[in-house]
Structure formats: C-alpha cells, structure tokens
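Close look at the chain arrangement
What follows is the residue order along each chain.
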Amino acid sequence: MIPSVVKACSVKINGSDKVIGVAEFPLPDITFKEEEINVLGLGPIKETITSMPEAMSTTMKFLGVDKTALKLKAGKGINLVLAAAIQTLDENDNSAEIGLFVNVKGTIKSHKLGTIGPNGKLEPEIEINLSYFKLEIDGTVLYEIDQKNEILVLDGEDLRAGINAIIG
C-alpha cells in the first residue's frame, strides 16, 4: 500500500490545542553521523555510524495567523501530533483510507511572523529542533527516533537493540 493523497489532517499542540491553518508540515531529514577512517595506502573511507542520527529539525508553515501558534515561543518545549487520513489503493486497486500519524517533540528555535503586503499571504513559520520523531502509517511504526532515550527504529527495525543489550 502506497499512501498517495492527504484527504484531511489535523495538528495538535501538547495533545489538546488544535492548530488551524497549517500549510506544510515537512518531515525531518534523517541522516547519520560519519567518521572518516584513514587506511594506510588506500586513503580515507567514510564510515556511517548507523546508531547515531544527526540532529533533526522541521519548519512548520502556516497560512494566516493562528492564536495557538502565536503562543509558541523560542526555547519553549513542544509536542506536536499530526493525524492524517490518507487515500491509497488496497491490494485489489480499490480506493481505501489509512491513518498516518506523526509525533514530534523538541524546542522551538525560531518563530518567523511572515510578511505583510498588498494582496499577499501572511505565512508565519515555526522552526523546531527535534529530540523525538515518530512516523506511523496504517498501524505500523516506520520510524521512531528518541535521542534522549536512545531509541532508534527505522522501517520497524530497532537499530540500537544490539548496542543497548551490550551496554545495558
């Protein structure tokens, strides 16, 4: 099943306050730290450290001004939950709806209020440094990265299970 069209979605702050007018909710880029290893006679090799994701961030863009969004201040902790109904095709190529859920936690880095001009759109943005990201589609957790609690699940596989078993 490949999600294709967002039919409806909502974003809630700290589990209760619904945010109105969210234009975009980009998912964070997931990259991993690298270490360059110099091998005698062969030159450097870059080794990806698959248990250490880089810092994550996202920028939420709004259409217009929402009072709930304006309450968000730089340095303040935030927990956002996006719930979306996605139209897709089932195994028989029939239209079907599935759930997509995103949960992010972190601190607000910046709050851009947008630009006011004639016949223009007011598009404020909030940039968030993330310490937690979880993506669930149709009941399956695809990604869960919790940098404070050393949780790293990618495509349903716990990449820190072996390390956590060794170090306790």
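Our structure's up above, just so we're on the same page.
Right, let's get into the packing of aromatic side chains. On inspection of all chains with the given rule, the structure shows one aromatic pair. When the centroid spacing of 6.4 Å and the interplanar angle of 40 degrees are considered together, the rings of F133 and Y143 count as tilted. Taken as a pair, F133 in strand β9 (residues 125-137) and Y143 in strand β10 (residues 140-146) lie far apart in primary sequence, 10 residues in all. Using a relative accessible area of 2% as the deciding quantity, one classes F133 as buried. Just above the ring of Y132 sits the side chain of K105; from NZ or CZ to the centre is 4.9 Å.

The two faces of the sheet receive side chains in turn, since in a regular strand these alternate between them. Where β10 meets strand β11 (residues 151-154), four bridges bridge the pair, whose relative direction is antiparallel. Residue pairing in the sheet places E144 in a bridge with V153 of β11. Hairpin connection of β10 to β11: four residues between the antiparallel strands, including E150 at a positive phi of 55 degrees. Here β11 runs beside strand β12 (residues 157-158); their pairing, made up of two bridges, is antiparallel. The partner of L154 across the bridge, within β12, is E157. The hairpin formed by β11 and β12 contains two residues between the paired strands, and D155 there has a positive phi angle of roughly 55 degrees.

This next bit is on the nonpolar core. Nonpolar side chains tend to gather and get buried jointly when the protein is soluble and globular. Within the largest apolar cluster, 28 residues are counted, with the highest numbers of intra-cluster contacts made by F25, L80, L100 and V102. Among the elements of the structure, β1 (5-13), β6 (56-62), β7 (77-89), β8 (95-112), β9 and β11 are those that each provide at least two residues to this core. It is β9 that contributes the most residues to this core, six residues altogether. With sequence-adjacent residues up to four places away left out, L80 is seen in contact with V11, K12, I13, F25, M60, V102, N103, V104 and I128.

The rules behind the values
Note that residues are indexed from 1 along each chain, following the sequence as it is written. Residue-level local features of this predicted model are given only where pLDDT is at least 70; pairs of side-chain atoms are given and counted only at 80 or more, and the full residue set underlies all totals for whole chains, interfaces and linings. Derived side-chain values reflect all non-hydrogen atoms in the structure, with water molecules and hydrogen atoms excluded from consideration. Here a pair means two rings of Phe, Tyr or Trp (six-membered ring of Trp) with centres within 6.5 Å. Their orientation is stacked below 30 degrees between planes, edge-to-face above 60, and tilted elsewhere. A helix here means a DSSP run of H or I that spans at least four residues, while a strand means a run of E at least two residues long, and both kinds are numbered starting from the N terminus. Burial classification: accessible surface area is computed with a 1.4 Å probe over protein chains only, and a residue below 20% of its type maximum counts as buried, one above 50% as exposed, and the rest as partly exposed. Any Lys NZ or Arg CZ that is within 6 Å of a ring centre and within 35 degrees of that ring's normal is treated as a charge sitting over the ring. At least two bridges found by DSSP between two strands are what make those strands a pair. The definition of a nonpolar core used throughout is a set of buried Ala, Val, Leu, Ile, Met, Phe, Trp, Tyr and Cys residues joined through side-chain atoms within 4.5 Å. We call two residues in contact whenever any of their non-hydrogen atoms come within 4.5 Å of each other.

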